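Listed below, chain by chain, are the residues.
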Amino acid sequence: MTSLPLASVPSIVIRSSLCNYTIDFHGLTDLGTWHPEADLILTDAFFRGRISFPKEQPVIFVEATEAAKSLPQIIELFVALKQAGLGRGSRLLAVGGGVIQDIATFVTSLYMRGIAWDYVPTTFLGMADSCMGGKSSINVGAFKNLIGNFHPPRCIDILPVFARTLPPVEMAGGAAEAAKIAFCRGPETFSRYLELVQPVLSGAWSEQDLALLLHATLLVKQWFVEKDEFDRAERRCLNFGHTWGHALESATQFAIPHGLAVALGMMAAVRFLGSPSYCLPLWDHCLQLLHLTLDPAAVESFEPERFRRAFLADKKHSSGYYHLIVPTSSGVELGVEEITTPAGDPQLAAIQLAMEEALQAVSSVPLEIV
Ligand SMILES: NC(=O)c1ccc[n+]([C@@H]2O[C@H](COP(=O)([O-])OP(=O)(O)OC[C@H]3O[C@@H](n4cnc5c(N)ncnc54)[C@H](O)[C@@H]3O)[C@@H](O)[C@H]2O)c1
Ligand SMILES: [Zn+2]
């Protein structure tokens, strides 16, 4: 790493049963001066010509699309790794967003029964959320994120400068996931998040501002990941906004991007509870993120029947019951809780109504697309 660590933003060490791993923050302000080196670099085709890789550095560029996360394309990658001469002691560096991360996690976990890798997340979502936790999610046929495993990188290097080229919709989506993490832990962490996110909302952020927000968010996520590494109890709370959100993505044929669907999913959960006053700061913040970036045509494309089907297909429900993560009034232990509610038409209608009311709330104020 050629850049200097960011002053006053300490590293984070995540304790995992698989291997402990570290997150460091780097204060680079000009991406052109960064020259990453590893046995092999796997990166997003977006960075072709934008990052100066050393001349002899082997690099594989991948288009960051959902198709790239499918098994046929991944099998080709195993061959490419072998052809690049990667052995059991080699180290791969992945540079990219969630798509590159999912592919790198999966491929390095299986190649020669597992090799070490490092990760530089380049999207706000990757930096604030998915870089920690070690999960991969791979698409199979028409099924998104159907298979996956756990294989965390050894070192995660966060260079906030990467966020400079992200469009506003990516920034808003990443902020929605960061808001979710903060809200899940409780009111205090959410208030702190609301203070730290202000420079990002104004667009006038420094590398230090972003690093402080990311650091605070990742510390909260660390609490969940260390308490429940394999998603069996507390970590499930981080699905907040996702049960409604995933169904909304399907119901709009993915016209609403993931992060914005999560913001709308959190609003739907709030509406489902009858909009209690303790949820007002979250509601207002989601509205703010969505007003800046949600395309009204995407909202128009909502298909109720598709929504119901996608909601029912969610793998988190159990026989006879829907499982929902909703805000809790006490906020003592956590900001959200899992509730089970009997499956059936009346509940499904209430769940759909909450989604439609969230969409209406955003549409009722003129949207400003940046
Ligand atoms: N494994 C996990 O824990 C986890 C968690 C959340 C999401 N995901 C997966 O991650 C994917 C979404 O990830 P994502 O939103 O981070 O992004 P992404 O990798 O899909 O990238 C989004 C877009 O931004 C571009 N991009 C990447 N970095 C950029 C930069 N610095 N400047 C400009 N453009 C840039 C990419 O080329 C792409 O067009 C989904 O497939 C999702 O399923 C995985
Ligand atoms: Zn998400």
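Cut-offs applied
Chains are numbered independently. Their residues run from 1 in the order of the written sequence. Working convention: letters from A go to chains and numbers from 1 go to ligands, in the order in which they are written. Local features in this predicted model are restricted to residues whose pLDDT is 70 or higher, and side-chain atom pairs enter the listing and the counts only when it is 80 or higher, whereas totals over whole chains, interfaces and linings include all residues. Each side-chain value is worked out from all heavy atoms of the structure, with water and hydrogens disregarded. A helix here means a DSSP run of H or I that spans at least four residues, while a strand means a run of E at least two residues long, and both kinds are numbered starting from the N terminus. Radius of gyration here is computed from C-alpha atoms only, and the compact-globule reference equals 2.2 Å multiplied by the residue count raised to the power 0.38. Per-residue accessibility, obtained with a 1.4 Å probe over protein chains only, is compared with the maximum for each type, and a residue is labelled buried under 20%, exposed over 50%, and partly exposed between these values. Only heavy atoms enter the contact rule, under which two residues are in contact if any of them lie within 4.5 Å. One heavy atom within 4 Å of a molecule or strand is enough for the residue carrying it to be called near that molecule or strand. Whenever two N or O atoms come within 3.5 Å, that pair is a polar contact, provided that in protein one can donate a hydrogen and the other can accept it, and provided that, for residues adjacent in sequence, both atoms are side-chain atoms. For the area figures, the Shrake-Rupley method with a 1.4 Å probe applies, and any residue is considered shielded solely by the protein chains shown. By the convention adopted, Pro, Cys, Tyr, Trp, Phe, Met, Ile, Leu, Val and Ala count as nonpolar, Lys, Arg, Asp and Glu as charged, and the other residues, Gly among them, as polar. All the domain ranges listed were derived from an automatic or database domain assignment. The term buried area means the drop in 1.4 Å probe accessible area that two parts suffer when joined, counted for both and summed. Any carboxyl oxygen of Asp or Glu that lies within 4 Å of a side-chain nitrogen of Lys or Arg is treated as forming a salt bridge with it. The axes used here are C-alpha line fits, helices contributing only the stretch in contact, and every angle between their N-to-C directions lies in the interval 0 to 180 degrees. Convention used here: angles under 35 degrees read as roughly parallel, angles over 145 as roughly antiparallel, angles from 65 to 115 as roughly perpendicular, and any remaining angle as oblique. Helix crossings fall into two classes, left-handed where the near helix is turned counterclockwise from the far one by less than a right angle and right-handed where it is turned clockwise.

### Re the overall build of the chain
Here is step 1 of the chain: The number of helices and strands found in the chain is 13 helices and eleven strands.
Here is step 2 of the chain: In terms of overall size, the chain behaves like a compact globule, its C-alpha atoms giving a radius of gyration of 20 Å where 370 residues would be expected to give roughly 21 Å.
Here is step 3 of the chain: Based on the C-alpha atoms only, the size of the chain along its principal axes is roughly 60 × 40 × 40 Å.
Here is step 4 of the chain: Here the chain, with 370 residues, has 52% of them falling under the buried criterion.
Here is step 5 of the chain: Long-range contacts, defined here as pairs at least 24 residues apart, represent 69% of the contacts in the chain between residues at least 6 apart.

### Quick look at the site of ligand 1
Here is step 1 of the chain: D44, E66, D102, T123 and T165 are the nearest of the 21 residues found near ligand 1.
Here is step 2 of the chain: Contact between ligand 1 and E66: an oxygen atom at 2.7 Å from a side-chain N or O atom of the residue.
Here is step 3 of the chain: A distance of 2.8 Å separates an oxygen atom of ligand 1 from a polar atom in the backbone of G98.
Here is step 4 of the chain: Compared with its free state, where it exposes 870 Å², ligand 1 has 81% of that area covered by protein.
Here is step 5 of the chain: Those elements that place two or more of their residues in the shell around ligand 1 are α2 (98–110), α3 (124–130) and β8 (143–147).
Here is step 6 of the chain: Considering each element in turn, the shell around ligand 1 owes the most residues, three residues, to α2.
Here is step 7 of the chain: Residues that form the shell around ligand 1 fall into these classes: seven nonpolar, seven polar and seven charged.

### Thoughts on the domain arrangement of the chain
Here is step 1 of the chain: Looking at the chain, the domain boundaries give domain 1 (1–164) and domain 2 (167–370).
Here is step 2 of the chain: Put simply, the middle of domain 1 and the middle of domain 2, counted by C-alpha atoms, are 26 Å apart.
Here is step 3 of the chain: In this complex, domain 1 contributes 36 residues to the contact, which on the side of domain 2 involves 33 residues.
Here is step 4 of the chain: A combined buried area of about 2,900 Å² lies between domain 1 and domain 2, and 65% of that area is made up of carbon and sulfur atoms.
Here is step 5 of the chain: On the domain 1 side of the interface with domain 2, the three residues burying the most area are F124, M132 and R164, jointly 24% of the side's total.
Here is step 6 of the chain: There are five salt bridges connecting domain 1 and domain 2.
Here is step 7 of the chain: The closest approach of N and O atoms between E207 and R164, which form a salt bridge, is 3.2 Å.
Here is step 8 of the chain: Remark: the boundary between domain 1 and domain 2 carries ten residue pairs in polar contact (both at pLDDT 80 or more).
Here is step 9 of the chain: Only β1 (12–14), β2 (21–25), α3 and β8 provide two or more residues apiece to the side of domain 1 that touches domain 2.
Here is step 10 of the chain: Element by element, the count of residues in the side of domain 1 that touches domain 2 is highest for α3, at six residues.
Here is step 11 of the chain: Its residues placed into classes, the side of domain 1 that touches domain 2 shows 23 nonpolar, eight polar and five charged.

### Details of the packing of helix α4 (residues 168–185) against helix α5 (residues 187–196)
Here is step 1 of the chain: Axis separation between α4 and α5 bottoms out at 5 Å; the angle between their running directions is 150°. When the interaxial angle is binned, α4 and α5 end up roughly antiparallel. Relative to α5, the crossing made by α4 is right-handed. Taken together, the residues of α5 that come into contact with α4 (itself represented by A175, A178, A179, A182, F183 and R185) are T189, F190 and Y193.

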